[in-house]
Amino acid sequence: MRSSWWSKLSVSFGPRPPLSWLLLCFICVLAVIAILGSTSSSAFDSVTNTPVPDIYSNYRRLKEQAAVDYLELRTFSLGASRQKELGLCGKEIEHYVPCYNVSANLLSGFKDGEEFDRHCEMSRPRYRCLVRPPKDYKIPLRWPAGRDVIWSANVKLTKDQFLSSGSMTKRLMLLEENQIAFHSEDGLIFDGVKDYSRQIAEMIGLGSDSEFIQAGVRTVLDIGCGFGSFGAHLVSLKLMPVCIAAYEATGSQVQLALERGLPAMIGNFISRQLPYPSLSFDMIHCAQCGIIWDEKDGMFLIEVDRLLKPGGYFVLTSPMSKPHGSSLNMKKRSAVTLIEELTEKICWSLLAQQDETFIWQKTVDIHCYKSRKQDNPALCNEGHDNPPYYQPLASCISGTTSKRWISIQNKSSSLHLSPAELQVHGVQPEDFSEDLQIWGSALRNYWSLLTPLIFSDHPKRPGDEDPLPPYNMIRNVMDMNAHYGGLNAAFLEERKSVWLMNVIPVWARNTLPLILDRGLAGVLHDWCEPFPTYPRTYDMLHASGLLSHLSSERCSMMDLLLEMDRMLRPEGWVVLSDKLGAIEMARALASQIHWEARVIDLQNGSDQRLLVCQKPFMKK
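Overview of the structure. (Residues numbered from 1 in each chain as written. Predicted model: local features only at pLDDT ≥ 70, side-chain atom pairs only at ≥ 80, totals over all residues. Heavy atoms only, no water.)

**Notes on the pairing of strand β16 (residues 596–601)**
As paired elements, β16 and strand β17 (residues 608–614) share six bridges and run antiparallel to each other. Opposite Val-599, over in β17, you have Leu-611 as the bridge partner. Here β16 folds back onto β17 in antiparallel fashion, the turn holding six residues, of which Gln-603 has a positive phi close to 60 degrees. (Pairing = 2+ DSSP bridges. Helix = DSSP H or I, 4+ residues; strand = E, 2+ residues; numbered from the N terminus.)

Right under this line is the structure:
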């Protein structure tokens, strides 16, 4: 039978079918697939017009695989070829931070500290590879154990740097074979962080540091935060500290703080304003942070004044606080005098001095500036309070024309701002309430979809010891397009033990003042540039609507995903919500950087989709 069939075929086409015939058949098959792909598209979308449930409990692997197959079929039908997967970068850039290249900055003429500043405008190589983890990198311990014990191979901190650190640091840290252990806050350290925090509270007239929130102190900018012990204590008091420190090529305060699960980012007082709006923080803290505050005609202190809210506190702990009689101490006395003179000019009052610690309070009386004997420094023009994004340091006093000029003692201590406070930000109470409901529901949906992958009651890996509660497998979270900070608020409402960096893109409506007034952490950023952090510092990245906007910007989606991969820890997660077209493109690119990606249909009749990705633990 088979030979008869083959004989008939040979009569028609000869003993061997011509190559042109085979090519024609292949083209016909592709055309049929394309037609089926386009028809299946409308058929697939038509079955999703069902009301969105409160929790997507009907999500199953079969449905997930159908969505994956559908997207792969459409990609093939459109003639797109599979792109080559990207490899790992060289060992020399394991701790690579773009925009910070000290040697290149020196060659370009930057000096007086500006070589350590952020210079994204400089031409820099664009690495089309994945920043690899160090050889002995280990997944950080889960919170709260990871706050007190970190793997020494995960950070760029050498044994010599540890041994050369200050006496306070040595009391707070123990260097073991492959770990750095921090003393827990058990009160066993004489004159340690607890006592220091209590001293600050008493100096501003409080009974103890547990009363910070009642006194209006919720957000603290900690400059040069060392190894994060003061910030860790503030977190235990339910305050939101944000550590900033200058870029360090060897050893990093910011990297270590983030490794401990504490909020931090690279930032310094050199030549530019920090990417926060005026009137952002309730307290700014500097304990031997290395800044010479009386330099540049006091412009560093003027920047502190810009960032402080009315009634806020500037805490300065420095050895210069104890002048005695030597020539060196006379220099210190001179520096103290210069700072005291400048603080009077910007309407600060010295509340107290004890040992090496000074505390000033910013005035709440806006008329103080007009009643000064000297109009120096002058008040900034009204338009000066536009969103600052690494603008040059200003020599004028800002914030005095802002509607947000409200004493921290009179501000709400709740996430839910009052209608009067919302009116200051130009936000309707109905919109704010709706945003709270949307993100509360979204977070519950994420829980349903990703349990037990991220938020698990049984997060134990093979070989792990049983973790202590709470069981969340993530700690450091970034919302890359935060809007009102609704996702952050939802995490807090659900009492999840995460902290979240709210990022407002420079092209979006500037809602960062509202986020900061809610007592949350946030920053302005241009997503066509790298984020000022070290590699492997976030457990989860979230973005809603960011990808669609990126198509109209000057940067590519691949550049953004590579930057996300740099920031993301191995085994970390990405959750992207966007339109189908942007999600399809992101999913195709995610495969190039080895992410495990799944597309989830939200079942609400729209073209919105979720892309959930996990970064693998890749080693060479």
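**Notes on the packing of helix α18 (residues 557–567) against helix α19 (residues 580–592)**
Running from N to C, α18 and α19 point in directions that differ by 55 degrees, and their axes come no closer than 10 Å. Judged by the angle between their axes, α18 and α19 are oblique. Crossing of α18 over α19 shows right-handed handedness. Along the contact surface, α18 presents Met-557, Met-558 and Leu-561, while α19 presents Ala-582, Met-585, Ala-586, Leu-589, Ala-590 and Gln-592. (Axes fitted to C-alpha atoms, helices over the stretch in contact; angles between N-to-C directions. Parallel < 35°, antiparallel > 145°, perpendicular 65-115°, else oblique. Left-handed = near helix turned anticlockwise from the far one by under 90°. Contact = heavy atoms within 4.5 Å.)

**Notes on the sheet that holds strand β10 (residues 357–362)**
Taken in spatial order, the seven strands make up an open sheet running β6-β5-β4-β7-β8-β10-β9, and their pairing is mixed. Where the open sheet ends on each side, the last strands, each with one partner, are β6 (264–266) and β9 (348–354). Recorded for the sheet is a direction-independent mean angle of 20 degrees between the axes of neighbouring strands. Against the sheet, helix α11 (residues 299–307) contacts β4 (219–223), β7 (281–287), β8 (308–317), β9 and β10, and its axis sits at roughly 135 degrees relative to β8.

**Thoughts on the side chain of Arg-218**
Within the secondary structure layout, Arg-218 lies in the loop between α8 (193–203) and β4. One buried charge, Arg-218, has no salt-bridge partner; the nearest side chain with opposite charge is Asp-282, at 4.7 Å. At 3.2 Å, the side chain of Arg-218 forms a polar contact with the backbone oxygen of Ser-412. Apart from the residues lying within four places of it in its own chain, the contact partners of Arg-218 are Ile-213, Leu-239, Met-240, Asp-282, Ser-412, Ser-413, Ser-414, Asp-517, Arg-518 and Gly-519. (Buried < 20%, exposed > 50% of the residue type's maximum accessible area, 1.4 Å probe, protein only. Lys, Arg positive; Asp, Glu negative; His and termini not counted. Salt bridge = Lys/Arg side-chain N within 4 Å of Asp/Glu carboxyl O. Polar contact = N/O pair within 3.5 Å; in protein donor to acceptor, adjacent residues only side chain to side chain.)

**Quick word on the side chain of Thr-343**
Here Thr-343 is to be found in helix α12 (residues 327–345). Classification of Thr-343 as buried rests on a relative accessible area of 2%. At 2.8 Å, the side chain of Thr-343 and the backbone oxygen of Glu-340 are in polar contact. Ignoring anything within four residues of it in the chain, the contact list for Thr-343 reads Leu-301, Trp-348 and Trp-360.

**Description of the sheet that holds β16**
Ordered in space as β13-β12-β11-β14-β15-β17-β16, the seven strands form an open sheet in which the pairing is mixed. Across the chains shown, the open sheet's two edge strands, defined by having one partner strand only, are β13 (521–525) and β16. Recorded for the sheet is a direction-independent mean angle of 20 degrees between the axes of neighbouring strands. Lying on the sheet, helix α15 (residues 486–493) is in contact with β11 (476–479), β12 (499–505) and β14 (538–544); it crosses β12 at an angle near 165 degrees. α19 contacts β15 (568–579), β16 and β17 of the sheet and is inclined by roughly 155 degrees relative to β15.

**Quick notes on the pattern of salt bridges**
Inspection of the entire model under this criterion finds 16 salt bridges. Notably, a salt bridge pairs Arg-198 with Asp-195, separated by 2.7 Å at the nearest N-O pair. Of this pair, Arg-198 and Asp-195 both sit in helix α8, three residues apart, which is roughly one turn of that helix. Among the residues examined, Asp-195 registers a relative accessible area of 29% and is labelled partly exposed. In this structure, Lys-309 engages Asp-517 in a salt bridge whose closest nitrogen and oxygen atoms are separated by 3.3 Å. Residue Lys-309 is located in strand β8, and its partner Asp-517 is located in helix α16 (residues 512–517); the two are separated by 208 residues in the primary sequence.

**Quick notes on the state of the cysteines**
Structurally, a disulfide amounts to a covalent bond that connects the sulfur atoms of two cysteines. Applying the stated criterion across every chain yields a total of seven disulfides. Paired by a disulfide, Cys-286 and Cys-289 hold their sulfur atoms 2.0 Å apart. As the torsion about the S-S bond is roughly -85 degrees, the Cys-286-Cys-289 disulfide counts as left-handed. Disulfide pairing places Cys-380 opposite Cys-396 at an S-S distance of 2.0 Å. Given an S-S torsion of about 100 degrees, the disulfide between Cys-380 and Cys-396 has right-handed geometry. Highlighted residues: Cys-380 in the loop between β10 and α13 (419–424) and Cys-396 in the loop between β10 and α13, separated in sequence by 16 residues. (Disulfide = S-S within 2.5 Å.)

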